[in-house]
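Spelled out from the first residue to the last, the chains are:
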Amino acid sequence: MFYQEKGVYGNSVMHFHTPSTAALEYLFYCNYCGLFYCNRLYRICRAQNEFYEPYLLVFVKKGCLHLDYKELHYHAHSGECLLFDCRLAHCYYADDNTAFQYIHFGGNISGYYFIRLCEKNRHCFRPSNADAVSGALARLLIYMEDPMSNEHIVSSGIHYLLSLLLTGSQQHSSLNAQRINAAIHFMNAHLSEDITLEDISAEAGLNASYFSRLFRQYADTSPYDYLANLRISHGKMLLVTTSDSVAAISETCGFHDPVHFSKTFKKKSGHTPLQFRKTYTTHTAAENGIQKKKSPVNEKITGPA
């Protein structure tokens, strides 16, 4: 739908959508989105709780869009994004010859992405994959042009967009990436051993406190939880492909107490080790002819690159 208001001109478009009850409860949803060509007369100001749509994402294609939000002032130039909660007081306005794509969205885990993308009040940022972000917004605009647009496709498009933004906004140096990879390879190589956070951080050449913060930025979890997941994944493989006892597998996976292994396994997978073995060996091993074998204690798994 072509759209014009004060300060908006040319082939500006905006498409509205009213999400279904199911979309509101389970999916990412779009209330409206568009592409605006603006001049300095374009200005939107809203008071606290005046607007009910959750989040607004803007990608500036040219010119500059300004944002006053939470007592701070942001300037988004070409290739930069603005992201903020529309339920809080805000005001945004354009320079002459400004063009921007935008989407009002919410639902599912939108709040999680909002928190991650806007850490430390960073509501203006430049994604390293700007072309891909602009392309994802353009595809969403095409989806929304269709009055019979499929809400599941729209939801997947929004999720893809937010994933692009998260990966494109993370500023990780190649040195830090090497440090994290070294730590992960160290974990994989020592799954059966009693390794501490200090051991892992030392492999990365960092102190434990700084390493923990850096690791969480990369993996979105703590080093301890990541190590536990690696050990449980290795345990799953051994339960399915060997006939080793749960006690032996727990030892191989670095859990020297089988009860602790079983409790952690159930917490991570929803099943006890024996339930997992029974389910997967019944439906997988028999059908595919997997031959169980005794596993060497020092068998390793290949970790993520």
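Quick summary incoming for the structure in this document. Nothing here was measured: the structure is a model prediction, and the numbers come from that model.

**Focus on helix α8 (residues 223-241)**
Here comes step 1: Look at α8: 27 Å from first C-alpha to last across 19 residues, which is about the 27 Å you get at 1.5 Å a residue.
Here comes step 2: Within α8, the full set of buried residues consists of P223, Y226, L227, A228, L230, R231, I232, H234, G235, L238, L239 and V240.

**Things to note about the packing of aromatic side chains**
Here comes step 1: Evaluation of the coordinates by the stated rule reveals 20 aromatic pairs.
Here comes step 2: Ring centres 4.7 Å apart and planes at 25° place the aromatic pair Y55 and F114 in the stacked group. You can see Y55 sitting in strand β4 (residues 55-62) and its partner F114 sitting in helix α2 (residues 110-117), a full 59 residues away along the chain. You'll find Y55 and F114 in the same group, each marked buried.
Here comes step 3: Ring centres 5.5 Å apart and planes at 75° place the aromatic pair F265 and F276 in the edge-to-face group. Highlighted residues: F265 in helix α10 (residues 258-269) and F276 in helix α11 (residues 273-288), separated in sequence by 11 residues. Both residues of the pair, F265 and F276, belong to the buried class.
Here comes step 4: Connected via pairs of aromatic rings, a cluster forms that spans F16, Y32, F36, Y42, Y69, F84, Y92, F100 and Y102.
Here comes step 5: If you follow R87 out to its NZ or CZ, it ends over the ring of Y55, 5.5 Å from the centre.

**Quick notes on the sheet that holds strand β9 (residues 98-107)**
Sheet strands pair via backbone hydrogen bonds, and the direction of the pair is either parallel or antiparallel.
Here comes step 1: Pairing within the open sheet is antiparallel, and its 6 strands lie in the order β1-β2-β9-β4-β7-β10. At either margin of the open sheet sits one strand with a lone partner, and together these are β1 (8-16) and β10 (124-125).
Here comes step 2: Packing of α2 onto the sheet brings it into contact with β2 (28-38), β4, β7 (81-85), β9 and β10, and relative to β7 it is tilted by some 125°.

**Side note on the state of the cysteines**
Here comes step 1: Applying the stated rule across the entire model yields 1 disulfide.
Here comes step 2: The side chain of C45 participates in a disulfide bridge whose partner is C91; the two sulfur atoms lie 2.0 Å from each other. Highlighted residues: C45 in strand β3 (residues 43-46) and C91 in strand β8 (residues 90-94), separated in sequence by 46 residues.
Here comes step 3: On the basis of relative accessible area, C45 is assigned to the partly exposed category, the value being 43%.
Here comes step 4: Looking at C64, it has no disulfide partner, and the nearest cysteine sulfur is the one in C124, 8.2 Å off.

**Focus: the pattern of salt bridges**
Here comes step 1: Throughout the structure, instances matching the rule amount to 6 salt bridges.
Here comes step 2: Here D220 and R116 are joined by a salt bridge, their closest N and O atoms 2.8 Å apart. Within this pair, whereas D220 is found in the loop between α7 (208-219) and α8, its partner R116 is found in helix α2, the two being separated by 104 residues in sequence.
Here comes step 3: By relative accessible area, D220 is classed as partly exposed at 38%.
Here comes step 4: Residue K268 pairs with D225 through a salt bridge whose shortest N-O separation is 2.4 Å.

**Things to note about the environment of M144**
Here comes step 1: Locating M144 in the fold gives a position in helix α3 (residues 130-145).
Here comes step 2: Judged by relative accessible area, which is 5%, M144 ranks as buried.
Here comes step 3: Separated by 127 residues in sequence, M144 and H17 place their C-alpha atoms 7.5 Å apart.
Here comes step 4: Contact partners of M144, with chain neighbours within four places excluded, come to H15, F16, H17, C30, C33 and V154.

**Quick look at helix α6 (residues 197-204)**
Here comes step 1: All of the buried residues in α6 are L197, I200, S201 and A204. Considered in projection along α6, the buried side chains sweep an arc of 95° and stay on one side of the axis.
Here comes step 2: Buried positions along α6 lie against α5 (174-189), α7 and α8.
Here comes step 3: Once α6 finishes, G205 follows within two positions and takes phi at roughly 75°, a positive value.

Calculation criteria
Residues numbered from 1 in each chain as written. Predicted model: local features only at pLDDT ≥ 70, side-chain atom pairs only at ≥ 80, totals over all residues. Heavy atoms only, no water. Helix = DSSP H or I, 4+ residues; strand = E, 2+ residues; numbered from the N terminus. Expected span 1.5 Å × (residues − 1). Buried < 20%, exposed > 50% of the residue type's maximum accessible area, 1.4 Å probe, protein only. Phe/Tyr/Trp six-rings, centres within 6.5 Å; stacked < 30°, edge-to-face > 60°. Lys NZ or Arg CZ within 6 Å of the ring centre and 35° of its normal. Pairing = 2+ DSSP bridges. Contact = heavy atoms within 4.5 Å. Axes fitted to C-alpha atoms, helices over the stretch in contact; angles between N-to-C directions. Disulfide = S-S within 2.5 Å. Salt bridge = Lys/Arg side-chain N within 4 Å of Asp/Glu carboxyl O. Arc of directions from axis to C-beta.

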